[in-house]
There are 2 protein chains.
Amino acid sequence: MPEVETITYPHEKLSEFSKLTFQHFGIPEKEAELASEVLSMSDLRGIDSHGVARLHTYFDMLEKERINPVPKIKIVRESASTATVDGDNGLGLVVGPKANEIAMNKAQEVGSGWVSVRNTNHYGIAGYYVIKALERDLIGWSMTNTTKLVAPLWGAERMLGTNPIAVAFPGKKEPPIIIDLATCAAAYGKIEIAHRKEQMIPEGWAIDSEGNNTNDPDKMINGGALLPLGSDREKGGHKGYGLAVMVDFLCAVLSGANWGPFTPPFALQQEIPKRSVGKGIGHFFGAMKIDAFIDPDEFKTQTDDYIQTLRATSPAPGTDGPIIPGDPEREAESIRSKQGIPLVLPVVEELRDISKRTGIPFD
Amino acid sequence: MPEVETITYPHEKLSEFSKLTFQHFGIPEKEAELASEVLSMSDLRGIDSHGVARLHTYFDMLEKERINPVPKIKIVRESASTATVDGDNGLGLVVGPKANEIAMNKAQEVGSGWVSVRNTNHYGIAGYYVIKALERDLIGWSMTNTTKLVAPLWGAERMLGTNPIAVAFPGKKEPPIIIDLATCAAAYGKIEIAHRKEQMIPEGWAIDSEGNNTNDPDKMINGGALLPLGSDREKGGHKGYGLAVMVDFLCAVLSGANWGPFTPPFALQQEIPKRSVGKGIGHFFGAMKIDAFIDPDEFKTQTDDYIQTLRATSPAPGTDGPIIPGDPEREAESIRSKQGIPLVLPVVEELRDISKRTGIPFD
């Protein structure tokens, strides 16, 4: 199997192209910049699936007027430490950062801030939001619900999204610990890669349309489902399922967004759910002021100790030992910020298509 | 293999015995009542490992003066929506409920309350605390760190606790959704059961003292470790590891308790860590006022719809379909509150031993 061919672009160039694409639809410059910053961070951190690889999807949704380019984002209910935000069907890449900002501001005022968001769309990587919190010495939380892809344990069909959770803790001399995980066993992107390479997938990732375990990626793609983290009852599949439900409640039931199988899709070609039980998809952001709990310097000193302690764990055979959550993404960022972002040819073609249809230069 | 022999006791009787045992050490009546309520809920809900089966452990720790029977529990740092509590080395079964109360009161005042607790001990089942929040129309969160038992992904030794997370959401006509999960693949109790029955354990539960996967429960028990939820890299073991670290940070690094491999044991026979990096173990409680986000009646109506939707999922072959988190425990409670709590003989023997040594009647 040959390596996949890629073309490498400086991240600034991709970021500028994304920004102009968003502006093309009348999204104000500052908001277009915000949205392109979220995509750019994803590409820099090596999460290729959530960066400019998704720009054409956003383009489609904006072009078909499925996303509002000039939303009036507003707080619909509020307390000193909480808020419910209506994103007015705006880009999640704009609604998300603004709602996160509300959570962070509340944390600085009353110790913590918690914001549930409805009527929004796909918000990029969960990790972006907690990294923004780190910049303000806050512990950030970020969750979103997503289109159905995952079966609840003992279910035979897609009912839940991959519903990620991200949280981050700052270090002093050590880099921050950045935890960012989807609540399913394996990402849908891995199923697609196996499909393209005509390879089998491991046990524990997916079921077919009848609910049987499958090693065939095509059987998952064609009406099957991903399995929750833990995979089966024996290995704790009820736990991943529980976590996915938790995220769905905090993001959607709490805000008045659609949940479970009724969560709208983020791409045109995906099926629109038959019922609507709320508005758009939902996010949940939290921020906690470290200083409200403990001296921040003491906290960070302990974080450094924690990281060094974990790194000193005796390694399992055939490994270099545990890594710290966030390490792989930071390593990708340090390379890609200098060397650029490698894009596979289908993504390059998509960007060229946007260029052709908008007149924004790209080569 | 014969079924395990049990003797059944009314839960009120066990609860009274626990209360008197705690009072025997000078714990004030109200606090002894609180502690026995936590144990009793565990027994009623079918979580045998965390109920009176642990009373002898608490007895030992109190007798050896490793736990303070009359702690001065105090808030050491506070903001409108947060607090850090020092449990003065009291029973976790007393410190936990009191700290949870602080979180709930703050939620009622400013929309949410978040309390990190240090210098405390084992607090019973995580679920107890979120059930208390439900009684006040709050969404409760509960976490605790625990003695090391779990290896981080790619580690060959115990570095983290089983660090549970519980969250609950109220329904209207439907019962609440109660999510309560340890962040490891399988409970240590299951390893012990396999050991007693001389059975092998499934792949994905544990490693031996060299860090190799093992199916032998004895190899886990003798210096091996449990695996995090997700088990291995392929099935998301880095995710369970990340969640365990998250719980440890919120409970211990944020409060100034011991974390990771330095978390003190809850039983006498367990090894005392070589280093101390804080005070006691740590808990984390959260409470969110539903009314601060959305009309509570609307929320509960949606919860009912959510539950009915999940129950209508087409079932995987050989199953009755997905269950709702909290279902098994509620079913156990409805049976046991009428029929009593079945205790295995070794637990009965432990209670008789307490009776003999304290003079509190038990038969």
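What counts as what
Residues numbered from 1 in each chain as written. Chains lettered and ligands numbered in written order. Predicted model: local features only at pLDDT ≥ 70, side-chain atom pairs only at ≥ 80, totals over all residues. Helix = DSSP H or I, 4+ residues; strand = E, 2+ residues; numbered from the N terminus. Rg over C-alpha atoms; globule rule 2.2 N^0.38 Å. Buried ≥ 20, exposed ≤ 12 C-beta atoms within 10 Å, placed from the backbone. Contact = placed C-beta atoms within 7 Å. Least-squares fit on C-alpha atoms with pLDDT ≥ 70 in both. Pairing = 2+ DSSP bridges. Axes fitted to C-alpha atoms, helices over the stretch in contact; angles between N-to-C directions. Arc of directions from axis to C-beta. Parallel < 35°, antiparallel > 145°, perpendicular 65-115°, else oblique. Left-handed = near helix turned anticlockwise from the far one by under 90°. Nonpolar A, V, L, I, M, F, W, Y, C, P; charged D, E, K, R; others polar. Domains from an automatic or database assignment. pLDDT = per-residue confidence, 0-100.

J.: Would you mind showing me how to read the overall build of chain A here?
T.: For chain A, the count of helices and strands is 11 helices and 11 strands. Taken over C-alpha atoms, the radius of gyration comes to 20 Å for chain A, in line with the 21 Å a tight globule of 363 residues would show. In terms of its C-alpha atoms, chain A occupies a principal-axis envelope of roughly 55 × 50 × 45 Å. In chain A, which comprises 363 residues, the proportion classed as buried is 58%. Looking at chain A alone, contacts between residues at least 24 apart form 62% of all its contacts between residues at least 6 apart.

J.: Is there a simple way to think about the relation of the copies chain B and chain A in this case?
T.: Copy one and copy two of the chain differ by a rotation about a common axis and a shift along it. In the superposition of chain B on chain A (RMSD 0.0 Å, axial shift 0.0 Å), the rotation amounts to 180 degrees. This pairing of chains is accounted for by a two-fold axis. Across chain B, the rotation axis passes nearest the C-alpha of Gly230 of chain B, at a separation of 2.3 Å. A share of 100% of the interface residues of chain B reappears at the interface of chain A, consistent with the copies meeting face to face through the same patch.

J.: Any chance you could explain the sheet that holds strand β4 (residues 112–120) of chain A here in plain terms?
T.: Note on sheets: strands pair through backbone hydrogen bonds, and any given pair is parallel or antiparallel. Strand order in the open sheet formed by seven strands is β2-β3-β4-β10-β5-β6-β7 (chain A), with mixed pairing between adjacent strands. Whereas interior strands pair on both sides, the edge strands pair on one side only; in this sheet they are β2 (74–78) and β7 (177–181) of chain A. Going from strand to strand, the sheet's axes swing by 15 degrees on average, the running direction of each strand aside. When strand β5 (residues 138–144) of chain A meets strand β6 (residues 165–169) of chain A, the two strands line up antiparallel, connected through three bridges. Bridging from a neighbouring strand, Ser142 of chain A pairs with Ala166 of chain A of β6 of chain A. Against the sheet, helix α5 (residues 126–134) of chain A makes contact with β5, β6, β7 and β10 (281–289) of chain A, and its axis sits at roughly 165 degrees relative to β5 of chain A, the strand it touches most. Against the sheet, helix α8 (residues 237–253) of chain B touches β6 and β7 of chain A, its axis set at about 130 degrees to β7 of chain A.

J.: Hey, could you run me through helix α3 (residues 55–63) of chain B in this one?
T.: The periodicity of an α-helix, 3.6 residues per turn, causes residues three or four positions apart to be oriented the same way. Residues and elements named next belong to chain B. Of all the residues in α3, the buried ones are Leu55, His56, Tyr58 and Phe59. Each buried residue of α3 sits inside an arc of 160 degrees when the element is viewed along its axis, so together they form one side. Looking at the buried residues of α3, the elements they touch are α1 (11–24), α2 (29–44) and α11 (345–358). In the stretch just after α3, Glu65 is the one whose phi turns positive, near 60 degrees.

J.: Even after reading the chapter, I still don't get the packing of α1 of chain B against α2 of chain B, so can you show me in this structure?
T.: When two helices pack together, their arrangement is given by the angle between the helix axes and the distance between those axes. Residues and elements named next belong to chain B. Here α1 crosses α2 at 140 degrees, and the two axes come no closer than 8 Å. Taken together, α1 and α2 sit at an angle that is classed as oblique. As α1 runs across α2, the sense of the crossing is right-handed. Seen from α1, the contacting residues are His11, Leu14, Ser15, Ser18, Lys19, Phe22 and Gln23; seen from α2, they are Glu29, Ala32, Glu33, Ala35, Ser36, Leu39, Ser40, Asp43 and Leu44. Considered class by class, the residues forming the contact of α1 with α2 number six nonpolar, six polar and four charged.

J.: What is the right way to read the sheet that holds strand β3 (residues 82–86) of chain B from this model?
T.: Residues and elements named next belong to chain B. Spatial ordering of the open sheet is given by β2-β3-β4-β10-β5-β6-β7, a layout of seven strands whose pairing is mixed. The strands lining the two open edges of the sheet, one partner per strand, are β2 (74–78) and β7 (177–181). Averaged over all adjacent pairs, the angle separating strand axes in this sheet is 15 degrees, with direction ignored. Looking at chain direction, β3 and strand β4 (residues 112–120) are connected through five bridges and run parallel. Directly across from Val85, in β4, lies its bridge partner Val117. Along the sheet, helix α4 (residues 92–110) contacts β3, β4, β5 (138–144) and β10 (281–289); its crossing angle with β4, the most-contacted strand, is approximately 160 degrees.

J.: Looking at this model, I keep getting lost on the domain arrangement of chain A. Mind explaining?
T.: For an interface, size is often stated in terms of accessible area lost upon the parts coming together. Residue and element names in this part refer to chain A. Under the domain assignment used here, chain A contains domain 1 (1–68 + 339–363), domain 2 (71–183 + 236–312) and domain 3 (186–226). Computed from C-alpha atoms alone, the centre-to-centre distance between domain 2 and domain 3 is 27 Å. Listed by partner, the interface residues are eight residues for domain 2 and seven residues for domain 3. Its residues assigned to classes, the side of domain 2 that touches domain 3 shows five nonpolar, one polar and two charged.

J.: How should the interface of chain B and chain A be read in this particular structure?
T.: Listed as interface residues are 71 residues of chain B and, on the opposing side, 71 residues of chain A. Looking at the side of chain B that touches chain A element by element, the count peaks at seven residues for helix α9 (residues 296–311) of chain B. Looking at side-chain class alone, the side of chain B that touches chain A contains 38 nonpolar, 25 polar and eight charged residues.

J.: What is the right way to look at the environment of Ala53 of chain B in this model?
T.: Along the chain, Ala53 of chain B turns up in the loop between α2 and α3. Residues within four places of Ala53 of chain B in sequence aside, it is in contact with Asp48 and Val347 of chain B.

J.: Sorry if this is basic, but what is going on with the environment of Pro261 of chain A here?
T.: Positionally, Pro261 of chain A belongs in the loop between α8 (237–253) and β10. Spatially, the C-alpha atoms of Pro261 of chain A and Ile131 of chain A are 30 Å apart, while their sequence positions differ by 130 residues.

J.: Would you take a moment to explain unusual backbone geometry for this structure?
T.: Leaving glycine aside, a negative phi is the common case for residues, and trans is the common case for peptide bonds. Residue and element names in this part refer to chain B. Its identity as a non-glycine residue notwithstanding, Glu65 has a phi of 60 degrees, on the positive side. Looking at the element boundaries, Glu65 is found in the loop between α3 and β2. The exposed category is assigned to Glu65, around which 10 C-beta atoms lie within 10 Å.

J.: Is there a simple way to explain helix α6 (residues 188–196) of chain B in this structure?
T.: Residue and element names in this part refer to chain B. Buried residues of α6: Tyr188, Ile191 and Ala194, and no others. Axial view of α6: buried residues confined to an arc of 115 degrees, hence all on one face. Where α6 is buried, its residues meet β8 (206–207), α7 (217–221) and β9 (225–226). Just past α6, the residue Glu198 takes up positive phi, approximately 55 degrees.

J.: I tried to follow the packing of helix α2 (residues 29–44) of chain A against helix α4 (residues 92–110) of chain A on my own but got confused; where do I start?
T.: Residues and elements named next belong to chain A. In the contact formed by α2 and α4, the axes pass within 8 Å of each other and the chain directions differ by 95 degrees. Between α2 and α4, the angle falls in the class roughly perpendicular. On α4, the residues touching Glu31, Leu34, Ala35, Val38 and Leu39 of α2 are Leu93, Val94 and Pro97.

J.: In this structure, what is going on with the confidence of the model for chain A? I would like to understand it.
T.: Across chain A, the average pLDDT comes to 96, with 99% of residues at 70 or higher. We note a pTM of 0.98 for the whole complex and an ipTM of 0.97 for its interfaces.

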